Amino acid sequence: FIHRGEEESIRLAIELAADCLLVDDLDARRAAIDNFAAAGVSTSVKGTLGVIVTTYQQKYLAREQAVDLVNALKARPDIWISRKLCDQVIRTIRKS
């Protein structure tokens, strides 16, 4: 089940043949990937953690800034991103 706003975001990304759709919800990400494949668009799907990793890799963020952002997300009670996934991202950032 995905929310109406996520459905509309997917439709708009297809309509615009967007480069990327930013969405964190796993069900919405799966729906986006399926819909993009069916529509024949090459829109990629990225979440908050992916944005942090990409900005770090492109040197817009220093290593510790990226780690601090992930830790801040992990600590927020109003955002649910798996602690295990956050820890995995932090390890990946620290290794690179």
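In the block above lies the structure referred to throughout.
Attention in this report is confined to the structure presented alongside it. All values derive from a computational prediction rather than experimental measurement.

A look at the side chain of Thr43
Within the element layout of this structure, Thr43 appears in the loop between α2 (26–39) and β2 (44–46). Assessed through its relative accessible area of 8%, Thr43 is described here as buried. Polar side-chain contacts of Thr43 include one of 2.5 Å to the backbone oxygen of Ala18. Beyond its immediate sequence surroundings of up to four residues, Thr43 is in contact with Ala13, Ala17, Ala18, Asp19, Cys20, Leu21 and Phe36.

Some details on the pattern of salt bridges
Under the defined criterion, the tally for this structure stands at 5 salt bridges. Across the pair Arg11 and Glu7 runs a salt bridge, and its minimum N-O distance is 3.9 Å. Here Arg11 and its partner Glu7 are both found in helix α1 (residues 4–16), 4 residues apart, which amounts to about one turn of the helix. For Arg11, a relative accessible area of 47% gives the class partly exposed. Close ionic contact of Asp78 with Arg76 constitutes a salt bridge, the shortest N to O distance being 2.5 Å.

Notes on the side chain of Lys74
Note on placement: Lys74 falls in helix α4 (residues 63–75). Lys74 gets classed as buried once you look at its relative accessible area, which sits at 18%. Only 2.6 Å separates the side chain of Lys74 from the side chain of Asp87, close enough to count as a polar contact. Discounting residues that sit within four places of it in the chain, Lys74 has contacts with Arg83, Cys86, Asp87 and Ile90.

Some details on the nonpolar core
Formed by 14 residues in total, the largest nonpolar core has its most connected members in Leu49, Ile52, Ala66, Val70, Val89 and Ile93. Only α3 (48–57), α4 and α5 (83–95) provide two or more residues apiece to this core. Among all residues touching Val70, those that are not within four sequence positions of it are Leu49, Ile52, Cys86, Val89, Ile90 and Ile93. In terms of nonpolar packing, the next biggest core, distinct from the first, is built from 11 residues, Ile2, Ile10, Leu21 and Ala31 among them.

Focus on α3
Every buried residue of α3 is accounted for by Leu49, Ile52, Val53 and Tyr56. Down the axis of α3, the buried side of the element spans an arc of 95°, and every buried residue falls inside it. Of the surrounding secondary structure, the elements contacted by the buried residues of α3 are α4 and α5. Following α3 by one or two positions, Lys59 has its phi on the positive side, about 65°.

About the thresholds
Residues numbered from 1 in each chain as written. Predicted model: local features only at pLDDT ≥ 70, side-chain atom pairs only at ≥ 80, totals over all residues. Heavy atoms only, no water. Helix = DSSP H or I, 4+ residues; strand = E, 2+ residues; numbered from the N terminus. Buried < 20%, exposed > 50% of the residue type's maximum accessible area, 1.4 Å probe, protein only. Polar contact = N/O pair within 3.5 Å; in protein donor to acceptor, adjacent residues only side chain to side chain. Contact = heavy atoms within 4.5 Å. Salt bridge = Lys/Arg side-chain N within 4 Å of Asp/Glu carboxyl O. Core = buried A, V, L, I, M, F, W, Y, C linked by side-chain atoms within 4.5 Å. Arc of directions from axis to C-beta.

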